[in-house]
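# Residue-level structure breakdown
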Amino acid sequence: SQQGEEDPQALSIQEGENATMNCSYKTSINNLQWYRQNSGRGLVHLILIRSNEREKHSGRLRVTLDTSKKSSSLLITASRAADTASYFCATGLIQGAQKLVFGQGTRLTINP
Amino acid sequence: GAVVSQHPSWVICKSGTSVKIECRSLDFQATTMFWYRQFPKQSLMLMATSNEGSKATYEQGVEKDKFLINHASLTLSTLTVTSAHPEDSSFYICSARDSGHSPLHFGNGTRLTVT
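Thresholds, definitions, all that
- Residues numbered from 1 in each chain as written.
- Chains lettered and ligands numbered in written order.
- Predicted model: local features only at pLDDT ≥ 70, side-chain atom pairs only at ≥ 80, totals over all residues.
- Heavy atoms only, no water.
- Contact = heavy atoms within 4.5 Å.
- Buried area = accessible area lost by both parts, 1.4 Å probe.
- Salt bridge = Lys/Arg side-chain N within 4 Å of Asp/Glu carboxyl O.
- Polar contact = N/O pair within 3.5 Å; in protein donor to acceptor, adjacent residues only side chain to side chain.
- Helix = DSSP H or I, 4+ residues; strand = E, 2+ residues; numbered from the N terminus.
- Phe/Tyr/Trp six-rings, centres within 6.5 Å; stacked < 30°, edge-to-face > 60°.
- Buried < 20%, exposed > 50% of the residue type's maximum accessible area, 1.4 Å probe, protein only.
- pLDDT = per-residue confidence, 0-100.
- Pairing = 2+ DSSP bridges.

Taken together, the contacts link 22 residues of chain B with 21 residues of chain A. In this assembly, chain B packs against chain A so that about 1800 Å² is buried in total across both faces, 52% of it on carbon and sulfur atoms. Summed over the shared surface of chain B and chain A, the result is zero salt bridges. The tally of links from chain B across to chain A stands at five residue pairs in polar contact (both at pLDDT 80 or more). When contributions to the side of chain B that touches chain A are tallied by element, the ones reaching two or more residues are β4 (32–38), β5 (44–51) and β9 (90–96) of chain B.

Set out below in C-alpha cells:
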C-alpha cells in the first residue's frame, strides 16, 4: 500500500517562479527522499533528509521535514523549463528500512 | 556515480509468452535490488525485493509464480514475466543501493506491452 500522499497532484507555473510540493506519510520513518522522473524514464535521486533533520538544501532545492505532522515539502526556486518532470517523495521506514515506499507524485510543468 | 543498467528499454510480446528483464549494477555490488511497477501517471509500486543468493521477498498481492526474480550475482537481478497477459503491460523499473540507507539508483525502466 502507498505510504504517502503528495499535494498537489499537478502543478503548472511560469519559468522563474518557485514551485512547492508537499508530501504526507503515515508511519514512522528513518528518512525521506525526493526523486525526480522524466517521462518514461527511471528516477533520479534529488535529496535525502533524515528523521532527525528539519531542513536541507541542495542548489535550488530546499526540503523540509516535520515529523510531528508527518509531512515534508520540496521547494524548487527560480524554476526552469528543464525542471518539468514528476517529483516523488519516498520514505525509508524504520521497520524494513531497506525498501522505499513512494508517494503518488506531483507532475510539475514549467511554462517558458 | 553509481549506475544501474536495465535492459531492454522496451519490449512487445504476444500474450502467453514470457519476457525477461535484466537489471545490472555497473560499478557497485548490490546485495539487494528492488523491482517496481508503474502504471501511466501513477506512482511506483514495489513488487519485490531481490536478494542475492536467496529467494526474493514479494509484496502482498504480487504473484511470485507470475513474476520470477533471480538474483544470481552481486551485479545482476532478473525479472521474468511468465505467461504474459495484456494486463501485465506496464513500466517496470529496477533499483539498487550501494550501501546501507543510501539513496536508490534506478534503471531507466522497461516498457512492456503485451498484445
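Applying the stated criterion across every chain yields a total of seven aromatic pairs over all chains. Relative to phenylalanine 106 of chain B, the ring of phenylalanine 102 of chain A has its centre 5.9 Å away and its plane inclined at 75°; by these criteria the two rings are edge-to-face. Here phenylalanine 106 of chain B lies in strand β10 (residues 105–106) and phenylalanine 102 of chain A lies in strand β10 (residues 100–102), a pairing that spans two chains. Across this residue pair, the class does not change: phenylalanine 102 of chain A and phenylalanine 106 of chain B are buried.

Our next topic: the confidence of the model for chain A. Mean pLDDT for chain A: 91, with 92% of residues reaching 70 or above. Here strand β1 (residues 5–7) of chain A is the element of chain A with the lowest mean pLDDT, 82, and strand β7 (residues 61–66) of chain A is the one with the highest, 98.

Residue and element names in this part refer to chain A. Burial analysis of strand β4 (residues 29–37) places eight of its nine residues in the buried class, which makes it a mostly covered element. Both β4 and strand β9 (residues 85–93) contribute to a ladder of eight bridges, which runs antiparallel. Bridge pairing in β9 places isoleucine 29 opposite leucine 93. When β4 meets strand β5 (residues 43–50), the two strands line up antiparallel, connected through seven bridges. Across the sheet, the residue bridging to leucine 32 is isoleucine 49, located in β5. Remark: five residues form the turn of the hairpin made by β4 and β5, two consecutive strands paired antiparallel; glycine 40 in that turn has positive phi of roughly 70°.

All names here are of chain A. For the structure shown, the criterion picks out five salt bridges over all chains. The shortest N-O distance in the salt bridge between lysine 56 and glutamate 53 comes to 3.9 Å. Judged by relative accessible area, which is 25%, glutamate 53 ranks as partly exposed.

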